[in-house]
Structures are given as structure tokens and as C-alpha cells.
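# Examining the three-dimensional arrangement
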Amino acid sequence: MNRVTIPPSPQDGVDVVLPCLDEAEALPWVLARIPAGWRALVVDNGSTDGSAEIARGLGATVVHEPRRGFGAACHAGLTAATAEVVCFCDCDASLDPALLAPFVQEVRAGEADLVLGRRRPHGRGSWPAHARAGNLALARLLRRRTGLPLHDLGPLRAARREALLGLGLTDRRSGYPLEMVVRAADAGWRITEHDVPYLPRTGTSKVTGTWRGTWQAVRDMSRVLNEVPVREGIPR
């Protein structure tokens, strides 16, 4: 197993939040793709396959979040981050964290406040039909809710840490990524979206691997879309 050396993140660096639940097989590839000088924050959400130990052995910083839920893991990583810019990426090898480099450049250049990856499936089975259908339906509702020409609710994204904390995100389940976009849009953030390849994931999805998981996610996100718009003036 190749060892990856990822130094602690300086205040003006980049932290990558990687929510993790039993991703031992995918971790070596994901961590090897973290850009040099960035810090990987692997948020262990109750793994039983040794994911935390593997991540630590590969040089990542491990954050433990016992409360189950995708949003709980993401927010634990955000609150543990110290870098100026924070990125998010799934930890199942379906997305390449190296693709975040231009996202960060866009944020730092002041061209966008939140940069999102629009998933484009590569390879058979990379995006099950039921998961894609749920995403399309929610994206349509998101466009109606925000007026923004967005097409995906994917997890690959980058923004400034202080601004993200200022959004006051409360969802701790599947609605977290959508809540981030909705609240950012309500606050007048500049949000951009770029195509990224979406690969067949390693292992079985805990959310979109089944119809039940997919529609639970849809229900969580539908609740977020019905929120009253938050106040303006949230920092960018």
C-alpha cells in the first residue's frame, strides 16, 4: 500500500472533507488523488471495516462523527477544517478529488463563491437509473426555487470556509448538499457548475444504491426546498 503524505493545512490552504462509511477499498485511490499540499479530512461516520485506520495510515486527518448521516459527516468535517477554502468529495472513488483544483482557483480568484461539479457518468453502472431520476427531479425543483441554471446536486464542491459556516446549515442527513446550495442562492452567492466525470463507485452506495435510499434522500431534499428563504447578507 502506497503511503500518502498530506501535511497539516495552513490557514490559507485547502481542506478536503471526505465523508466516510466503510470505504476501506476506495480510500487508497481517493487519498492518492488529493492535490499536493492540501489536507484530507476523512470523517469516519461509524465504519466497521477499518477505514479510519487506513486513512490515518495514508496520512489523512481523521475526524470521528458518531451521529449517522451524510450531512452530519460533512458538517463535522467543515467545523474541523481550518483552511481558507474547503472542498467536499465523496470517498467512494466515484469522483476524482484532483478535479477540485480549478474549482479552488475559481473561488480564490473571486470568480465564484460556490463551485459545483455536474456529474457526467463514465462507465456502465456509474449512475443507477433510479438515482439519476431522483437527481433530475430535484434539480428541476432547485432551478425553480433559486432561478439558477443548475443541473446536479453532486457532492464535488468548493467554497470559503467562513462563508460556509455563516450559512448556518442545519440538515444532517441527505439534504445537506442541497441546503448548502439553496441557502447560498438565497444569500446572493455566485454559484457556478462544471462537468466532471462520474465513475462507478467502489462498494455499495448507502444512499443511492437502493430505491428506498434514493427516495429517502429525495424526501430529505424536498423538505429543504420548502424552507423559507434565509436572510440576505450572509458573508461570501
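Everything that follows concerns the structure shown earlier in this document.
So, a few notes on the structure that sits alongside this text. (Residues numbered from 1 in each chain as written. Predicted model: local features only at pLDDT ≥ 70, side-chain atom pairs only at ≥ 80, totals over all residues. Heavy atoms only, no water.)

### A word on the overall build of the chain
Of the regular secondary structure elements, the chain holds 8 helices and 7 strands. Taking as baseline every contact in the chain between residues at least 6 positions apart, the subset at least 24 positions apart corresponds to 77%. Per element, the accessible surface of the chain, about 10400 Å² overall, is 52% carbon and sulfur. (Helix = DSSP H or I, 4+ residues; strand = E, 2+ residues; numbered from the N terminus. Contact = heavy atoms within 4.5 Å. Areas by Shrake-Rupley, 256 points an atom, 1.4 Å probe, with all protein chains shown as cover.)

### Topic: the packing of aromatic side chains
Scanning the model with the defined rule gives 0 aromatic pairs in all. Above the ring of Tyr198, the side-chain terminus of Arg119 is found at 5.0 Å from the ring centroid. (Phe/Tyr/Trp six-rings, centres within 6.5 Å; stacked < 30°, edge-to-face > 60°. Lys NZ or Arg CZ within 6 Å of the ring centre and 35° of its normal.)

### A few points about the sheet that holds strand β3 (residues 61-64)
Strands sit in the order β3-β2-β1-β4-β6-β5-β7 across an open sheet of 7 strands; the sheet is mixed. Strand pairing shows two members of the sheet lacking a second neighbour, β3 and β7 (191-198), which therefore form its edges. Each adjacent strand pair in this sheet contributes to an overall mean axis angle of 20°, direction not counted. Contacts from helix α3 (residues 70-80) reach β1 (14-20), β2 (39-44), β3 and β4 (85-88) within the one sheet, and its direction differs from that of β1 by about 155°. Contacting β4, β5 (114-121), β6 (157-160) and β7, helix α7 (residues 176-186) runs over the sheet at an angle of about 135° to β5. (Pairing = 2+ DSSP bridges. Axes fitted to C-alpha atoms, helices over the stretch in contact; angles between N-to-C directions.)

### Here's the deal with the pairing of β6
Pairing of β4 with β6 involves 4 bridges; the strand directions are antiparallel. In the sheet register, Val86 faces β6, and the bridge partner there is Ala159. Bridge analysis of β5 against β6 gives 3 bridges, and the strand direction is antiparallel. Bridging from a neighbouring strand, Val115 pairs with Ala158 of β6.

### Some points on α7
Counting buried positions along α7 gives 11 out of 11 residues, so the element sits mostly inside the fold. Tyr176, Pro177, Leu178, Glu179, Met180, Val181, Val182, Arg183, Ala184, Ala185 and Asp186 are the residues of α7 that are buried. Once α7 ends, the next one or two residues include Gly188, with phi positive near 85°. (Buried < 20%, exposed > 50% of the residue type's maximum accessible area, 1.4 Å probe, protein only.)

### Let's talk about the nonpolar core
Most often, soluble globular proteins have nonpolar side chains that are buried together. If you look at the biggest cluster of nonpolar residues, it comprises 34 residues, and the most contacted ones within it are Phe88, Leu114, Leu142, Leu164, Met180, Trp189 and Ile191. For this core, the elements supplying multiple residues, two or more each, are β2, α3, β4, β5, α5 (129-146), α6 (161-166), α7 and α8 (211-225). For this core, the element with the highest residue contribution is α7, accounting for 7 residues. In contact with Ile191, not counting residues within four places along its chain, are Leu114, Leu116, Leu148, Leu150, Val181, Ala184 and Ala185. (Core = buried A, V, L, I, M, F, W, Y, C linked by side-chain atoms within 4.5 Å.)

### A closer look at the environment of Asp152
Among the secondary structure elements, Asp152 is positioned in the loop between α5 and β6. You can call Asp152 buried: its relative accessible area is 3%. Counting along the chain gives 32 residues from Asp152 to Arg120, while the straight-line C-alpha distance between them is 9.7 Å.

### Considering the pattern of salt bridges
Pairs may arise between side chains of opposite charge once their charged atoms sit close together. Per the stated rule, a full pass over the model turns up 10 salt bridges. We note a salt bridge from Glu179 to Arg183, for which the minimum N-O separation is 3.4 Å. Highlighted residues: Glu179 and Arg183, both in helix α7, separated by 4 residues, approximately one helical turn. The class of Glu179 is buried, set by a relative accessible area of 0%. One network of salt bridges, in which partners are shared, links Glu84, Arg108 and Arg160. (Salt bridge = Lys/Arg side-chain N within 4 Å of Asp/Glu carboxyl O.)

### With respect to the environment of Leu21
If you trace the backbone, Leu21 turns up in the loop between β1 and α1 (27-32). Through-space distance from the C-alpha of Leu21 to that of Val42 is 9.8 Å; in sequence the pair is 21 residues apart.

### Some thoughts on helix α4 (residues 101-108)
Side chains three or four residues apart in an α-helix point the same way, a direct result of the helix having 3.6 residues per turn. For α4, the set of buried residues is Phe103, Val104, Glu106 and Val107. Looking straight down α4, one finds its buried side chains confined to an arc of 160°; they lie on one side. Buried residues along α4 sit in contact with β1, β4, β5, β6 and β7. Directly after α4, the chain includes Gly110, whose backbone phi takes a positive value near 75°. (Arc of directions from axis to C-beta.)

Keep in mind these values describe shape, not function.
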